[in-house]
Amino acid sequence: MFDDLAHQIVHQTTLSIQQAGTEISSKKSKPDGLLFLIRHLLVLKQQIVAFDIEFVSPDVSFDFSGVTSTFWELQERGGLFNTRTWIQLVGGGLLPQVVENMLDAKVELDGTLRTVINDFTNTFATKMASSLPPVSGKTITPTLSQQIQKGALNMRRSIEEEVPILRRLLDDYIDDKRTKETLVSAVQDTVTQLYEDYLEAYAAAEAGKDKPGRKTSRKPVATGELWDIERFGDWTDSIFRPKIEVYESDNDESQNDDPDENGEYGIDSDEEDKSS
């Protein structure tokens, strides 16, 4: 009974937090709403760590879709007020179906938190890289080449402008230093991946221009303001982590700030216990 009630409480609280985050996004900004979600979902996760909720609650609901469809069919056929028709339908299974879904509130919470974290990192990274003109499937003309050079320069300027904004927002919503650095690192990794993908698309466009109809290498080529990935990576290290600190009390081998096999970030409960 306790496990069933706990699942329902966590589920409803998660929904409530999501609704509040949506309202904040509409009234302030999307990053504000996402950070509100991250903060409070982490707090909720910390609170349920102490409870060993293993029982998965069945979520029972009624499916009225068949009844609704039958109602409109009867109306169209003109049999809506035919008593014999209704008796036949009830005998043939007109009543709504009972649908049972298994509800695991902890899995739901973890999934929601992971989605929100990735939405947050993608929002910042996409904005930082928005000045890069599309090159996939295009011919690199002199005009487009100039736009690429300008776009690469503007991207670095955008990163320099957005990183302080990112850190200020994190300071407003997140108290734990490690969590903040993990989120900063996630944005850096995402924007670096976007830039690397762009270099590969640019290399493919250049190869297609030089040797049409032939299979060519897609090795990224750096030119002018379009830096190679190594140089870009070193530069982002200096921008995203200008005053990186080592927190000796938190620095252990169990910490993992890297994305999982799907390129997604999450916060494991061991880290949350230390920050609480």
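Structure shown above.
A brief structural summary. Numbers given for residues are sequential positions, taken from 1 along each chain in its written order. Predicted model: local features are reported for residues with pLDDT of at least 70 only, side-chain atom pairs are reported and counted for 80 or more only, and whole-chain, interface and lining totals are derived from all residues. Excluded from the side-chain calculations are hydrogens and water; all other atoms, namely the structure's heavy atoms, are used.

1. Quick word on the overall build of the protein chain
In plain terms, the rule: By the criteria applied, helices consist of DSSP H or I runs no shorter than four residues and strands consist of E runs no shorter than two, each listed in order from the N terminus. Burial classification: accessible surface area is computed with a 1.4 Å probe over protein chains only, and a residue below 20% of its type maximum counts as buried, one above 50% as exposed, and the rest as partly exposed. Any two residues having at least one pair of non-hydrogen atoms within 4.5 Å are treated as being in contact.
When helices and strands are counted, the protein chain shows 9 helices and 2 strands. Listed N to C, the secondary structure of the protein chain is α-α-β-α-α-β-α-α-α-α-α in terms of helices and strands. Out of the 276 residues belonging to the protein chain, those deemed buried represent 36%. Considering only residue pairs separated by 6 or more positions, the protein chain has 78% of its internal contacts joining residues 24 or more positions apart.

2. Structural notes on the packing of aromatic side chains
For clarity, the threshold we go by: Pairing of aromatic rings covers Phe, Tyr and Trp, the last through its six-membered ring, and needs centres within 6.5 Å; plane angles under 30 degrees mean stacked, over 60 mean edge-to-face, and all others mean tilted.
Counting across every chain of the model gives 4 aromatic pairs. When the centroid spacing of 6.1 Å and the interplanar angle of 80° are considered together, the rings of Trp-227 and Trp-235 count as edge-to-face. A relative accessible area of 11% places Trp-227 in the buried class. On the basis of relative accessibility, which here comes to 15%, the residue Trp-235 falls in the buried class. When the centroid spacing of 6.1 Å and the interplanar angle of 35° are considered together, the rings of Phe-232 and Trp-235 count as tilted. A residue pair is termed a helical-turn pair when its members lie 3 or 4 positions apart in one helix, as Phe-232 and Trp-235 do in helix H8 (residues 229–240) at 3 residues. Assessed through its relative accessible area of 0%, Phe-232 is described here as buried. An aromatic cluster is present here, built from Tyr-195, Trp-227, Phe-232 and Trp-235 joined pairwise through their rings.

3. Quick word on the nonpolar core
In a soluble, globular protein the nonpolar side chains are often hidden away together inside. What counts here: Take the buried residues of types Ala, Val, Leu, Ile, Met, Phe, Trp, Tyr and Cys, join any two whose side-chain atoms come within 4.5 Å, and each joined set is a nonpolar core.
Leu-35, Ile-38, Phe-120 and Ile-159 are the most contacted members of the largest nonpolar core, which totals 51 residues. Those elements that provide at least two residues to this core are helix H1 (2–27), helix H2 (30–48), helix H5 (105–128), helix H6 (142–173), helix H7 (177–210) and H8. In terms of residue count, H6 provides more of this core than any other element does, 10 residues in total.

4. Observations concerning the pattern of salt bridges
Here is the rule we go by: By definition here, a salt bridge exists when the distance from a side-chain nitrogen of Lys or Arg to a carboxyl oxygen of Asp or Glu is within 4 Å.
The final tally for this structure, using the stated rule, is 8 salt bridges. With a closest N to O distance of 3.0 Å, Lys-45 and Asp-110 form a salt bridge. Of this pair, Lys-45 sits in helix H2 while Asp-110 sits in helix H5; the two residues are 65 residues apart in sequence, bridging distant segments of the chain. The partner of Asp-171 in a salt bridge is Lys-180, and the shortest N-O contact between them spans 2.9 Å. Classification of Asp-171 by relative accessible area gives partly exposed; the value is 48%. Lys-180 gets classed as buried once you look at its relative accessible area, which sits at 15%.

So, to be careful, I would describe these as geometric facts and stop short of saying anything about function.
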